[in-house]
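Coordinate analysis (summary)
Each chain, written out:
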Amino acid sequence: MIYELRTARQVAQACGDDDLVVWVAQGLSGGARAWAGGGAVLAAASDVCRRDRIAVWGDPADAADLLRHALAESGPTFRPFGDAELIEQVAGRVEGLRRVAAFSWMSLDHLPIGPSDGVSWLEGAFDGEITRLLAANAPDSYAAPGRPGVARWAGARVEGALAAVAADAWSAPTVGFMAGVATASGLRGRGLAGRVCRWVSGRLVAAHGRAALMVDDDNAAALGLYSALGYRRRPVAVAAVSG
């Protein structure tokens, strides 16, 4: 039996408060929806970190049944997203579904320790500076000034110039999300990214109870930085409807 979850609390209870599912659910605001059935839970939301996403959790067979229902309800633009092994199994059970990407989800449930002096929220008209820093040093960043879901930016300066940034973006009520991390190429190696990420992560944990982010598996520097801050790594994968 498939039934729709009507509140964020129901979603958290159904999936054991899994941070990936709770994040995609976005507090069931803005048209986000969630379903449960058997031993599986799905949450779907549009334009979360620039994708229409369906978080998948639980038993593979039950998740496949739920996913057929969710895709019929939400449409083929939505991409199933969850633990790598689970997505592999679900993709093998749902006709027309194939795995298209793999990376890491990382989460933090405590305040990080270490220096974060010299970092602050970038209040005022700094969009141009942030945009230029991202264009030169992180052109593939999903977060950018003015994009839907990107709430605010933090940064550090060196001799008056913006040197490193990170964003609070697509945060859910109980899972803060960090994105848009970038450091000016000529200023790398000074620990600036660590300070900015530590500062933003601390504020996300304080506001939401935990923080999370996504990172490519071949980005060793970023994986090392986030691990040093206390983030736990979780291999995940994404599938898409063919055609």
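Residue indices begin from 1 for each chain and proceed along its sequence in written order. Reporting of local features is limited, given that this is a predicted model, to residues whose pLDDT is at least 70; pairs of side-chain atoms are given and counted only at 80 or more, and all residues count toward the totals for whole chains, interfaces and linings. Note that the side-chain values use all heavy atoms of the structure and ignore hydrogens as well as water.

Fitted lines through C-alpha atoms give the axes, limited to the stretch in contact for helices. The angle between two N-to-C directions lies from 0 to 180 degrees. Helix and strand assignments come from DSSP, with helices taken as H or I runs of at least 4 residues and strands as E runs of at least 2, each series counted from the N terminus. Where helix 3 (residues 60-74) meets helix 4 (residues 84-93), the axes come as close as 9 Å, and the angle between the chain directions of the two elements is 60°. Of the possible angle classes, the one that applies to helix 3 and helix 4 is oblique. Read as a crossing pair, helix 3 and helix 4 show a hand that is right-handed. Taking contact as the criterion, the partners of Pro60, Ala61, Ala63, Ala64, Leu67 and Arg68 in helix 3 are, on helix 4, Leu86, Gln89, Val90 and Arg93. Nonpolar residues are Ala, Val, Leu, Ile, Met, Phe, Trp, Tyr, Cys and Pro. Charged residues are Asp, Glu, Lys and Arg, and all others, Gly as well, are polar. Grouping the amino acids of the contact of helix 3 with helix 4 by side-chain chemistry returns 7 nonpolar, 1 polar and 2 charged. Note on terminology: angles under 35 degrees are roughly parallel, angles over 145 are roughly antiparallel, angles of 65 to 115 are roughly perpendicular, and the others are oblique. Should the near helix be turned counterclockwise from the far one by less than a right angle, the crossing is left-handed, whereas a clockwise turn marks it as right-handed. By definition, residues are in contact when any of their heavy atoms lie within 4.5 Å.

Put simply, a salt bridge is a Lys or Arg side-chain nitrogen that is within 4 Å of an Asp or Glu carboxyl oxygen. In this structure the tally under the stated criterion is 14 salt bridges. With its nearest N and O atoms 2.7 Å apart, the salt bridge here joins aspartate 65 to arginine 68. Of the two residues, aspartate 65 and arginine 68 both sit in helix 3, 3 residues apart, roughly one turn of that helix. Aspartate 65 gets classed as partly exposed once you look at its relative accessible area, which sits at 43%. Of the charged contacts, one joins arginine 232 and aspartate 109 as a salt bridge, the two residues approaching to 3.5 Å between their closest N and O atoms. With arginine 232 in strand 12 (residues 232-241) and aspartate 109 in the loop between strand 6 (97-108) and strand 7 (119-121), this residue pair connects regions lying 123 residues apart in the sequence. Burial classes: relative accessible area under 20% of the type maximum marks a residue as buried, over 50% as exposed, and values in between as partly exposed (1.4 Å probe, protein chains only). For arginine 232, a relative accessible area of 42% translates into the label partly exposed. Relative accessible area serves as the criterion here: at 44%, aspartate 109 is assigned to the partly exposed category.

Attention now goes to unusual backbone geometry. Excluding glycine, residues mostly have negative phi values, and the peptide bonds linking residues are mostly trans. With a phi angle near 55°, glutamine 26 is a residue other than glycine that sits in the positive phi range. In this structure, glutamine 26 sits in the loop between helix 2 (19-25) and strand 2 (33-37). Judged by relative accessible area, glutamine 26 falls into the buried class, the value being 15%. Positive phi outside glycine occurs at aspartate 47, with the angle close to 55°.

The criterion for an aromatic pair is that two Phe, Tyr or Trp rings (for Trp, the six-membered ring) have centres within 6.5 Å, with stacked assigned to planes under 30 degrees apart, edge-to-face to planes over 60 apart and tilted to the rest. One pass over the structure, following the stated rule, counts 8 aromatic pairs. Each ring, one from tryptophan 23 and one from phenylalanine 81, has its centre 6.5 Å from the other, and the planes form 80°; the classification is edge-to-face. Within this pair, whereas tryptophan 23 is found in helix 2, its partner phenylalanine 81 is found in strand 5 (residues 79-83), the two being separated by 58 residues in sequence. Like tryptophan 23, the residue phenylalanine 81 is buried in the burial classification. For the ring pair tyrosine 226 and tyrosine 231, a centre distance of 6.0 Å and an interplane angle of 65° mean the geometry is edge-to-face. As far as burial versus exposure is concerned, tyrosine 226 and tyrosine 231 are alike and both buried. For a ring to carry a charge above it, either NZ of a lysine or CZ of an arginine must fall within 6 Å of the ring centroid while also lying within 35 degrees of the normal to the ring plane. Lying over the aromatic face of tryptophan 121, arginine 152 brings its terminal NZ or CZ to 3.9 Å of the ring centre.

Let's shift gears to the layout of surface pockets. The definitions used throughout rest on a 1 Å grid laid over the protein atoms alone, on which a cavity is an enclosed set of points accommodating a 1.4 Å probe that cannot get out and a pocket is an open set flanked by protein within 12 Å on both sides along at least five of seven lines; lining residues are those having an atom within 4 Å of a point. Grid points are joined across faces, edges and corners, and a volume is the space filled by probe spheres set on the points. Roughly 1,200 Å³ of volume is contained in the largest pocket. In terms of lining residues, the largest pocket is bounded by 40 residues, among which Val181, Met214, Val215, Asp216 and Asn219 are the most central. Those elements giving two or more residues to the lining of the largest pocket turn out to be strand 4 (51-58), strand 6, strand 10 (176-183), helix 6 (192-208), strand 11 (211-215) and helix 7 (220-228). Counting residues per element, the lining of the largest pocket draws most heavily on strand 10, which supplies 7 residues. Tallied by class, the residues present in the lining of the largest pocket amount to 25 nonpolar, 8 polar and 7 charged.

Turning our attention to helix 4. Two residues of an α-helix separated by three or four positions point the same way, owing to the 3.6 residues in each turn. Every buried residue of helix 4 is accounted for by Leu86, Ile87, Val90 and Ala91. When helix 4 is viewed along its axis, its buried side chains cluster within an angular range of 130° and face the same direction. In helix 4, those exposed residues whose orientation departs by more than 90 degrees from the buried face are Glu85 and Gly92. Considering only its buried residues, helix 4 is in contact with strand 4, helix 3, strand 5, strand 6 and strand 12. Comment: arc refers to directions from the helix axis out to C-beta atoms.

Turning next to the environment of alanine 207. Structurally, the position occupied by alanine 207 is in helix 6. Distance in space between the C-alpha atoms of alanine 207 and valine 175 is 8.8 Å, their sequence separation being 32 residues.

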